[in-house]
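What the coordinates show
Okay, here's what each chain looks like letter by letter:
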Amino acid sequence: MGFDDMDVDTIWMDGEFVDWEDAQIHVLTHGLHYGTGVFEGARCYETERGPAIFRWPEHLDRLYASAAPYEMEIDHEPEELTEATLELIRRQDLSSCYIRPIAFYGYESLGVSPGDCPTRTAIAVWPWGTYLGEDALEEGIDVMVSSWRKHASSQIPTNAKTTGLYVNSLLAGEEARRNGFAEAIVLNKEGHVAEGPGENIFLVRDGDLYTPGLSQSILDGITRETIITLARDLGYTVYDQATISRGELNTADELFFTGSAAEVTPIRRVDNVEIGDGTRGPVTEEIQSKFFEVVERRTDDYDEWFTYA
Ligand SMILES: Cc1ncc(COP(=O)(O)O)c(C=O)c1O
């Protein structure tokens, strides 16, 4: 569904609420040419206590942290971005939505050095369903190991959520879809499992969970950290600094992706090799159902993870 079909009309830009059509930038914007933007993707869930943003302070912290390597100063305090986001949700009467804050170097000059380019900041919110298709959460998805490797963290900060990085995600994801798969798994420069184009990955073996460590060129996913916490609270052992070889994917008992967009999505096949029974496995199901119990606020636990609109 495109934006034109959605019932949203307001964007927050550089301190002002503007009409959706008026949220425009110049074609010589630095960020457009060199990928010098940093962004976030968060979800606001429908709950009995009204719309609730999941782990919003963590998303904001990561936004400012992503800007740091690029010496980008975001001219707005976190409180202002929070208030703007809550106001966008209330004004547009959204019960649930996706939230996209972005900061980028704007229009002034077009050397690679951003020089005096101002930092522009915007926030948009819109209704968004499941990321990898309606059946994905229950039935799982088929994925392929991409022929594209993830850039090494010695080449570009992979723990920063920078717009330019996503050309790699696009290449991997589109290659997978062209070949009939729903999504890709991307290996790092060393050939170890890194993550999906927009997801972290977990492997289940003999009842324990493994997920690639931060030194494997991954984004430090907020859902990843959430799942590590929930799984440990459920009594699982989680190895969160794992090095996972490509072959271990095929022999895993279960695999699943995590992400703000993908939530907890089971993987049932990798390169046409069935994982476990080729369906959502029992550990994935338990963790996934805990995740949805928490985000839909069917429990009072973990209330500190929510910002209510
Ligand atoms: C490359 C990449 N890895 C992992 C993730 C998952 O991170 P999070 O759970 O914070 O959304 C994302 C999504 O933001 C991503 O783009």
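Residue numbers run consecutively from 1 along every chain, following the written order of its sequence. Side-chain atom pairs in this predicted model are given and counted only at pLDDT of 80 or more, local residue features only at pLDDT of at least 70, and totals for whole chains, interfaces and linings cover all residues. Side-chain measures here rest on the full set of heavy atoms in the structure, leaving out hydrogens and waters.

In this section: the packing of helix 2 (residues 56–67) against helix 3 (residues 78–91). Here helix 2 crosses helix 3 at 130°, and the two axes come no closer than 11 Å. Taken as axis vectors, helix 2 and helix 3 run oblique relative to one another. Seen from above, helix 2 lies across helix 3 with right-handed handedness. Between helix 2, through Trp 56, Leu 60, Leu 63 and Tyr 64, and helix 3, the contact on the second element is made entirely by Pro 78, Leu 81, Thr 82 and Thr 85. Axis angles are defined between N-to-C directions and span 0 to 180 degrees, where every axis is a line fitted to C-alpha atoms and, for a helix, only to the segment in contact. The secondary structure listing takes helices from DSSP runs of H or I that are at least 4 residues long and strands from runs of E that are at least 2 residues long, numbered from the N terminus. Angular relationships are summarised with four words: roughly parallel below 35 degrees, roughly antiparallel beyond 145, roughly perpendicular across 65 to 115, and oblique for the angles in between. Less than a right angle of anticlockwise turn of the near helix away from the far helix marks a crossing as left-handed, whereas a clockwise turn marks it as right-handed. Here a residue-residue contact requires only that any non-hydrogen atoms of the pair lie within 4.5 Å.

The domains assigned to the chain are domain 1 (3–126) and domain 2 (136–295). Centre-to-centre, using C-alpha coordinates, domain 1 lies 26 Å away from domain 2. Opposite the 20 residues of domain 1 that make contact, domain 2 presents 19 residues. Taken together, the two surfaces of domain 1 and domain 2 that pack against each other cover about 1700 Å², and 59% of this comes from carbon and sulfur. When two parts are brought into contact, each loses some accessible area as probed by a 1.4 Å sphere; the total of that loss over both is the buried area. Area buried by domain 1 at its contact with domain 2 is led by Phe 39, Tyr 45 and Arg 62, which between them contribute 33% of it. Every case where a carboxyl oxygen of Asp or Glu lies within 4 Å of a side-chain nitrogen of Lys or Arg is listed as a salt bridge. Scanning the region where domain 1 abuts domain 2 turns up two salt bridges. Between Glu 225 and Arg 55 there is a salt bridge, and its shortest N-O distance comes to 2.6 Å. What qualifies as a polar contact is a pair of N or O atoms within 3.5 Å, subject to a donor-acceptor requirement within protein and to the restriction that residues adjacent in sequence count only when both atoms come from side chains. Counting every contact that joins domain 1 to domain 2 gives 13 residue pairs in polar contact (both at pLDDT 80 or more). Listing elements by their share of the side of domain 1 that touches domain 2, those giving two or more residues are strand 3 (37–39), strand 4 (42–45) and helix 2. Among the elements that take part in the side of domain 1 that touches domain 2, helix 2 stands out by supplying four residues, more than any other. Where each domain starts and ends follows an automatic or database-derived domain assignment.

The subject of this paragraph is the packing of helix 6 (residues 222–233) against helix 8 (residues 282–295). One way to put it is that helix 6 packs onto helix 8 with a least axis distance of 10 Å and a crossing angle of 110°. Judged on the interaxial angle alone, helix 8 and helix 6 are roughly perpendicular. Touching Thr 223, Thr 226, Ile 227, Leu 230 and Ala 231 of helix 6 are Ile 287, Lys 290, Phe 291 and Val 294, all from helix 8.

What follows concerns unusual backbone geometry. A positive phi angle, near 50°, is found at Asp 206, a position not held by glycine. Looking at the element boundaries, Asp 206 is found in the loop between strand 11 (200–205) and strand 12 (208–212). Exposure classes here rest on a 1.4 Å probe applied to the protein chains alone. A residue is buried below 20% of its type maximum, exposed above 50%, and partly exposed in between. Of the residues examined, Asp 206 reaches a relative accessible area of 67% and is grouped as exposed. Positive phi is not limited to glycine here, since Tyr 302 has a value of about 60°. Positionally, Tyr 302 belongs in the loop between helix 8 and strand 17 (306–308).

Core analysis: the largest hydrophobic core is formed by 31 residues, its most contacted members being Ile 53, Ile 89, Cys 97, Ile 99, Ile 123 and Val 125. Of all the secondary structure elements, the ones that give two or more residues to this core are strand 1 (10–13), strand 4, helix 2, helix 3, strand 6 (97–105) and strand 7 (119–126). Discounting residues that sit within four places of it in the chain, Val 125 has contacts with Val 8, Trp 20, Leu 88, Ile 89, Gln 92, Leu 94, Cys 97, Tyr 98 and Ile 99. Counting residues in hydrophobic clusters, the runner-up holds 25 residues, among them Phe 202, Ile 287, Val 294 and Val 295. Definition used in this section: a nonpolar core is a set of buried Ala, Val, Leu, Ile, Met, Phe, Trp, Tyr and Cys residues joined via side-chain atoms within 4.5 Å.

A separate point is the pattern of salt bridges. Under the definition given, this model contains 22 salt bridges. Taking the shortest distance from any N to any O, the salt bridge between Asp 303 and Arg 49 comes out at 3.2 Å. Of this pair, Asp 303 sits in the loop between helix 8 and strand 17 while Arg 49 sits in the loop between strand 4 and strand 5 (52–54), and the two are 254 residues apart along the sequence. In this structure Asp 303 comes out as partly exposed when scored by relative accessible area, which is 28%. Note that Glu 296 is salt-bridged to Arg 298, the shortest N-O span being 2.9 Å. Take Glu 296: its relative accessible area is 32%, and that puts it in the partly exposed class.

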